[in-house]
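Geometric and topological summary
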Amino acid sequence: MAKACLIIVFNHRYDKNIPVLEKLYAGRFSQIFFLVPFYDGNHPRVIPVYESSNFFQSYFAQGYHRFFREEFTHYIFTGDDCLLNPTITEDNLPEQLGLPDGADFIPGFIELHTLTGRPWWHAHKAVDFFNNRKGAEIRRELPSREEAVEKFRQHGLDVRPLTPANIFGTQTPPDKHWLEYQAFKQFHLRYKWKAFRKNGRIELPYPVAGSYSDVVIVSRQSIYAFCRYCGIMAAAGLFVELAIPTALLLAATRIIQEKDARMKGKALWGASEVEVVENQFHRSIRELMDGFPKEQLYFHPIKLSKWNNDL
């Protein structure tokens, strides 16, 4: 029988959201934990964590010994501004989502060799995997590169060398000067990554994948290894949307993505999309819960401080 634990992750400390979220999920989850950076209060289910929000995968490793229970079959990690469909409960999660026994869930993987166009600023951190942070002795704590490549392949992902366009895009980032960005690229391609260059491409020193990571569901079978790898990826200084999917690929036996799930999430990209949803539901949490689309897994982001707490 399924029993899911809900773990709500705060990128930034906003204690006022805690009672709102408790009320929102009351009756649906008997066990709710909050991972809140630098928390110094006395709420019994708030777990204080200490790390930059760019590496919030560290929160999972820090909180593991507080939220882990043998009775939980699934652990739902979701952001405090990511609201789940109100039909989902601790008992019906696998049925609602179409999640087989022992399977984990993530919205969808990004293979870095498919990136193009506007640069994803964190992609170059994948090439600097072992050099992002000094003093992190992580090589022996991870599967070998060959073992990791095989794990990726078992999950249907290729690990290929990257072109400069995969790493740096084909456009100059809006906050960078063209000449400055060219110098940055050439420094990495011609000097810093010389050891990784091969036939005009850059070999990844360790397999890495990306993913939208504001909702992740981890099974009982994977939770320990997943949290441990998340801690290692934080020590490595790997950006969270590279670290979480990579940790899950290494830890899991089977992973379901949104494209294969019964419910699909709704990510709101940009202020105009956020405004449409706010207007549609009149910034009323009650109206949002009452009118939540049946087959939709989540809305993200929903900034609760801008909504009426009228549950």
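Residues numbered from 1 in each chain as written. Predicted model: local features only at pLDDT ≥ 70, side-chain atom pairs only at ≥ 80, totals over all residues. Heavy atoms only, no water.

**Brief notes about empty space enclosed by the protein**
- Under the counting rule described, the total for this entry stands at one cavity of 30 Å³ or more.
- Taken as a whole, the largest cavity holds about 60 Å³ of empty space.
- Glu111, Leu112, His113, Phe152, Leu157, Asp158, Val159, Arg160, Leu162, Leu204, Val208 and Ala209 are the residues that line the largest cavity.
- The class makeup of the residues in the lining of the largest cavity is eight nonpolar, one polar and three charged. (1 Å grid on protein atoms, 1.4 Å probe; cavity = no way out; pocket = protein on both sides within 12 Å on 5 of 7 lines; lining within 4 Å. Points joined across faces, edges and corners; volume = space filled by probe spheres on them. Nonpolar A, V, L, I, M, F, W, Y, C, P; charged D, E, K, R; others polar.)

**Considering the packing of helix H2 (residues 57-67) against helix H8 (residues 223-235)**
- Where H2 meets H8, the closest approach of the two axes is 7 Å, and the angle between their N-to-C directions is 140°. One way to sum up the angle between H2 and H8 is to call them oblique. As for the relative orientation of H2 and H8, their crossing is left-handed in sense. Between H2, through Gln57, Ser58, Phe60, Ala61, Tyr64 and Phe67, and H8, the contact on the second element is made entirely by Ile223, Tyr224, Phe226, Cys227, Cys230, Gly231, Met233 and Ala234.
- A class-by-class count of the residues in the contact of H2 with H8 yields 11 nonpolar, three polar and no charged. (Axes fitted to C-alpha atoms, helices over the stretch in contact; angles between N-to-C directions. Helix = DSSP H or I, 4+ residues; strand = E, 2+ residues; numbered from the N terminus. Parallel < 35°, antiparallel > 145°, perpendicular 65-115°, else oblique. Left-handed = near helix turned anticlockwise from the far one by under 90°. Contact = heavy atoms within 4.5 Å.)

**Topic: the pairing of strand E11 (residues 215-219)**
- Most of E11 is tucked away, with five of its five residues classed as buried.
- Across the two faces of E11 the burial is the same, with Val215, Ile217 and Ser219 and Val216 and Val218 all buried.
- Summarising the sheet, strand E4 (residues 74-79) and E11 pair through five bridges and their orientation is antiparallel. Paired with His74 across the bridge in E11 is Ser219. (Buried < 20%, exposed > 50% of the residue type's maximum accessible area, 1.4 Å probe, protein only. Pairing = 2+ DSSP bridges.)

**Section: the packing of aromatic side chains**
- Throughout the structure, instances matching the rule amount to 28 aromatic pairs.
- Between Phe68 and Tyr75, the aromatic rings sit 6.3 Å apart at their centres with planes inclined by 15°, giving stacked as the arrangement.
- Ring plane angle 85° and centroid distance 6.0 Å describe the contact between Phe130 and Tyr206, whose orientation is recorded as edge-to-face. Placement of Phe130 in the loop between helix H4 (123-127) and helix H5 (145-154) and of Tyr206 in the loop between strand E9 (201-202) and strand E10 (209-211) is noted, with a sequence separation of 76 residues between them. Grouping residues by exposure puts Phe130 and Tyr206 together as buried.
- These aromatic residues form a ring-pair network of at least three members: Phe56, Tyr59, Phe60, Tyr64, Phe67, Phe68, Phe72, Tyr75, Phe77, Tyr224 and Phe226.
- The ring of Phe55 is capped by Arg133, whose NZ or CZ atom sits 4.6 Å from the centre of that ring.
- Between the NZ or CZ atom of Arg139 and the centre of the ring of Phe130, over which it lies, the distance is 3.9 Å. (Phe/Tyr/Trp six-rings, centres within 6.5 Å; stacked < 30°, edge-to-face > 60°. Lys NZ or Arg CZ within 6 Å of the ring centre and 35° of its normal.)

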